[in-house]
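Spelled out from the first residue to the last, the chains are:
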Amino acid sequence: MQILLAAALFLMAMAGPVSAQEETADITFDGLERIEDAGVGMAYIDPDADFSVFQRVAILDPYVAFRSNWLRDMNRGRGRRVSNRDMERIRDDMAALFRDVFTERLEAAGFQIVNAVDYDVLTLRPAIIDLDVAAPDIQRGSRSRTYVASAGAATLYLQLVDSVSGDVIGRAADRRVARQPGGQITWSNRVSNVAEARRHLGVWADTLVDFLTSHYYQPVPGDDESAEGAGTP
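**Q** Explain the side chain of Asp174 residue by residue, including any values.
**A** Looking at the element boundaries, Asp174 is found in strand S9 (residues 168–179). In this structure Asp174 is buried but unpaired, with Arg176 as the nearest side chain of opposite charge at 4.6 Å.

And the structure:
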C-alpha cells in the first residue's frame, strides 16, 4: 500500500499543480503555448512538437482524487455512512470508466491503443481531481432513495507525453458539473451516476480526438491512395 501511495504521489508531482498564473499565461514555465478556443478550461502545446507522427496512444492509469472533505460532508446526517471502501470503489470505477471511454473514442477515430514506448506512441497521463459525487450509490439496508439537482462535478487534468523522451508536449485542464436540466430534482443511483460520468468523459475524449485528428493526426501511409481509389474520377 505504501508503494502504491508513493507511486501516486510521484505521478502527481510529475504532473505539477495548475496555478492561477499558468491558467492566464500565454506561455507556461516549460515553454508550452496556449491554444485559443480549445473547448476546455485551458490547453497548451509545445509549438515545436510534431503530433503527426503519433498513430498509437498509451493511456496511463488515471489518478483519481476526491474533493477535500467530501467524505465528511457525505456522512452528515446519513443513516448509512459512506466508508473508505466505498471511496476506493468509486475511484476504481472512475478510473476504469475513463480508460473505457477514451479507448472507445480514440479507437473509433483510427488510433491504436497500446502499452508500449515508441516514436509513434503518444502517452496520456490523466488525473481526475476534485471529484464530487453528489449522491454516491452505496449498499443500504433500506430502499431509501436520494434525490439531487446535480450528479456532481470533476476536473480533468491531462498531459500529453512523448512516450520515448518523456517530454510533456501538451497539457489541458477542464472542470465539468453534471447538472440536471432546468435544475430538476431527480433520483440518483449507480446507473444514473455512471451514465453522467460516461457522458462527461465522452465530451473530454471527443475534444482530444478532435484536437488530434483535425489539426495534427495524419492518415497511415496508403490511406490517401485508398480514398482516391474510392472517389469519383
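**Q** Run through the packing of aromatic side chains, naming residues and quoting values.
**A** Per the stated rule, a full pass over the model turns up 4 aromatic pairs. Residues Phe51 and Phe54 carry aromatic rings whose centres are separated by 6.1 Å and whose planes lie at 70 degrees to one another, so their mutual orientation is edge-to-face. Here Phe51 and Phe54 have matching classes, each one buried. Judged by centre distance (5.5 Å) and plane angle (85 degrees), the rings of Phe51 and Phe211 are edge-to-face. Remark: Phe211 occurs in helix H5 (residues 190–216) and Phe51 occurs in the loop between strand S2 (42–45) and strand S3 (56–59); sequence separation between them is 160 residues. An aromatic cluster of at least three residues, connected via ring pairs, comprises Phe51, Phe54 and Phe211.

**Q** Give a detailed account of a negative patch on the surface, specifying residues and quantitative values.
**A** Together, Asp26, Glu33, Glu36, Asp37 and Asp48 line one region of the surface with negative charge. Checked against the element boundaries, Asp26 lands in the loop between helix H2 (20–24) and strand S1 (33–34). Assessed through its relative accessible area of 52%, Asp26 is described here as exposed.

**Q** I'd like a description of helix H4 (residues 84–108), backed by residues and values.
**A** Taking 1.5 Å of rise per residue, 25 residues should cover 36 Å, and H4 covers 36 Å from first to last C-alpha, within 8% of that figure. Two residues or fewer past H4, Gly110 is found with a positive phi of approximately 105 degrees.

**Q** A description of the pattern of salt bridges should follow, citing residues and the corresponding values.
**A** Inspection of the entire model under this criterion finds 14 salt bridges. The shortest N-O distance in the salt bridge between Arg99 and Asp61 comes to 3.5 Å. Here Arg99, found in helix H4, pairs with Asp61, found in the loop between S3 and strand S4 (63–66); they are 38 residues apart in sequence, far enough to count as distant. Each of Arg67, Arg72, Asp73, Arg76 and Asp132 takes part in one network of salt bridges that share partners.

**Q** So what's going on with unusual backbone geometry? Residues and values would help.
**A** Peptide bonds are mostly trans, and most non-glycine residues show a negative phi. With a phi angle near 70 degrees, Asn69 is a residue other than glycine that sits in the positive phi range. The backbone phi angle of Asp130 is positive, close to 55 degrees, even though this residue is not glycine. In this fold, Asp130 is placed in strand S6 (residues 121–133). You can call Asp130 partly exposed: its relative accessible area is 37%.

Criteria and cut-off values
Residues numbered from 1 in each chain as written. Predicted model: local features only at pLDDT ≥ 70, side-chain atom pairs only at ≥ 80, totals over all residues. Heavy atoms only, no water. Helix = DSSP H or I, 4+ residues; strand = E, 2+ residues; numbered from the N terminus. Buried < 20%, exposed > 50% of the residue type's maximum accessible area, 1.4 Å probe, protein only. Lys, Arg positive; Asp, Glu negative; His and termini not counted. Salt bridge = Lys/Arg side-chain N within 4 Å of Asp/Glu carboxyl O. Phe/Tyr/Trp six-rings, centres within 6.5 Å; stacked < 30°, edge-to-face > 60°. Patch = residues over 30% accessible without salt bridge, like charges linked within 9 Å, V, L, I, M, F, W, Y side chains within 5 Å. Areas by Shrake-Rupley, 256 points an atom, 1.4 Å probe, with all protein chains shown as cover. Charge placed at Lys NZ, Arg CZ, Asp CG, Glu CD. Expected span 1.5 Å × (residues − 1).

Note that every value here comes from positions in space, so none of it alone points to a role or purpose.
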